[in-house]
Amino acid sequence: MKPVIVVHGGAGTIFKDREEGYRTGVKRAALKGYNILKNGGSALEAVEEAVVVMEDDPHFNAGCGSVLNEKGDVEMDAIIMDGKNLASGAVSAARCIANPIKLARLVMEKTDHMLLTDRGASIFAKAQGIPEVPGEMLVTDRSRERWKANLKPESNPAVPQIDLGTVGAVAIDSDGSVACATSTGGLTNKLVGRVGDTACIGSGGYADDLVGATSTTGHGESIMKVVLARLVLHHMEQGMTPEEAADAALSYMKERVNGHGGVIVISKSGGWTAKFSTKQMSWAAVTDGQLQCGIYQGENQITTVEEALALLLN
Ligand SMILES: NC(=O)C[C@H](N)C(=O)O
């Protein structure tokens, strides 16, 4: 099987001055994951590392760069899933760690559980030797400004949600195994303790070697109502291509609950797509030595991996 990785940097509206940062970020993440796959690494490893790259990049709403809750704090959700055996691990309302996706993987591998939240996630992180980082280190000037602006009585609650920026990855490795990973700071000015779609299996992501894998982004409460990731896979089980399945699931979410978002999808045969019902979604994919990337509907910039690497290193 030819390895493939697809990543997203969130669905929503990306402001012009931030486009380049998003493009570079998703390309870097996809190349990192692809390199792992090319060297015989597993899909699970590839999606985790790709997500770590974006959690560490302050452009994205995950890890450093996460949006702030109503109290001005970062609380993060993340999930990882292995298509081989349907194992998954997740954390919600996780605080003061750099890479929630790593903690999610430890939940999967070191506990009998699938989701740890808030204080429990912190206790577990400490027990696993994950360094605590001061919450402030995850906060960018931009997220603080937006948080403050949204506290003003005249602020429009719909506006803060337009540039989302959750991150995710799906991959298939040379053994034909699939995996997904998704990580987010959630929604700006959310209530303390709000658990979003990202931490919930079937909503924020799903992976099954018998079908394929999906990672989602968008309005979490809508995604949870339609269990978006599992819905995409359900459509593929019924014979749809990744593209048809993504379109059908996103249309259903729009029509049924007026929800918008995006998905990246990979099938068990290596077919893939990146689709969104928002104005934009940053995404990148690597397969066959070729990197593809886009932000706008219908956009697909294609370069060779060598060209992309040369540009990124400059
Ligand atoms: N940016 C996003 O995708 C937000 C995320 N789905 C949430 O609602 O927590």
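How each quantity is defined
- Residues numbered from 1 in each chain as written.
- Predicted model: local features only at pLDDT ≥ 70, side-chain atom pairs only at ≥ 80, totals over all residues.
- Helix = DSSP H or I, 4+ residues; strand = E, 2+ residues; numbered from the N terminus.
- Buried ≥ 20, exposed ≤ 12 C-beta atoms within 10 Å, placed from the backbone.
- Contact = placed C-beta atoms within 7 Å.
- Expected span 1.5 Å × (residues − 1).
- Arc of directions from axis to C-beta.
- Near = placed C-beta within 6 Å.
- Nonpolar A, V, L, I, M, F, W, Y, C, P; charged D, E, K, R; others polar.
- UniProt positions renumbered as here; feature names shortened; annotations may be inferred.
- Core = buried A, V, L, I, M, F, W, Y, C linked by C-beta atoms within 7 Å.

Structural notes on the environment of A213
Right, so step 1: Structurally, A213 is set in strand β8 (residues 212–218).
Right, so step 2: Assessed through the 34 C-beta atoms surrounding it within 10 Å, A213 is described here as buried.
Right, so step 3: Separated by 34 residues in the primary sequence, A213 and A179 place their C-alpha atoms 6.1 Å from one another.
Right, so step 4: Sequence-distant contacts of A213, defined by excluding residues within four places in its chain, comprise G83, V170, V178, A179, C180, Y206, A207 and I266.

Digging into helix α8 (residues 242–257)
Right, so step 1: Taking 1.5 Å of rise per residue, the 16 residues of α8 would be expected to cover 22 Å, and the 22 Å separating its terminal C-alpha atoms lies within 8% of that figure.
Right, so step 2: When α8 is considered as a whole, its buried residues turn out to be P242, A245, A246, A249, L250 and M253. The arc that holds the buried residues of α8, viewed along the axis, is 120 degrees, so those residues lie on one side. Opposite the buried face of α8, at more than 90 degrees from it, the exposed residues are S251 and E255.
Right, so step 3: Contacts made by the buried residues of α8 are with β8, α6 (220–226), α7 (228–237), β9 (261–267) and β10 (272–276).

Observations concerning the site of the ligand
Right, so step 1: Surveying the vicinity of the ligand reveals 16 residues, the closest of which are L164, T166, G196, T217 and G220.
Right, so step 2: Looking at the shell around the ligand, the elements with two or more residues in it are β8 and α6.
Right, so step 3: Of the residues contributing to the shell around the ligand, the split by class is 3 nonpolar, 12 polar and 1 charged.

Quick look at the UniProt feature "binding site: substrate" (unreviewed entry) in the protein chain
Right, so step 1: In the numbering used here, UniProt assigns the "binding site: substrate" (unreviewed entry) feature to R194, V195, G196, D197, T217, G218, H219 and G220.
Right, so step 2: Note on placement: R194 falls in the loop between β6 (178–184) and β7 (205–208).

What about the UniProt feature "active site" (unreviewed entry) in the protein chain?
Right, so step 1: Those residues carrying the UniProt feature "active site" (unreviewed entry) are T166 in this numbering.
Right, so step 2: Among all residues touching T166, those that are not within four sequence positions of it are G10, N61, A62, T182, T184, T198 and T217.

Points about the environment of T241
Right, so step 1: Following the sequence through the fold, T241 ends up in the loop between α7 and α8.
Right, so step 2: With 16 C-beta atoms packed within 10 Å, T241 lands in the partly exposed category.
Right, so step 3: C-alpha separation for the pair T241 and G271, spaced 30 residues apart in sequence, amounts to 7.7 Å.

Some points on the nonpolar core
Right, so step 1: Counting residues in hydrophobic clusters, the biggest one holds 100 residues, and the most contacted among them are I5, V6, A30, V47, A169 and A171.
Right, so step 2: The residues contacting A30, other than those within four sequence positions of it, are I5, V7, A50, A284, A285, V286 and L291.

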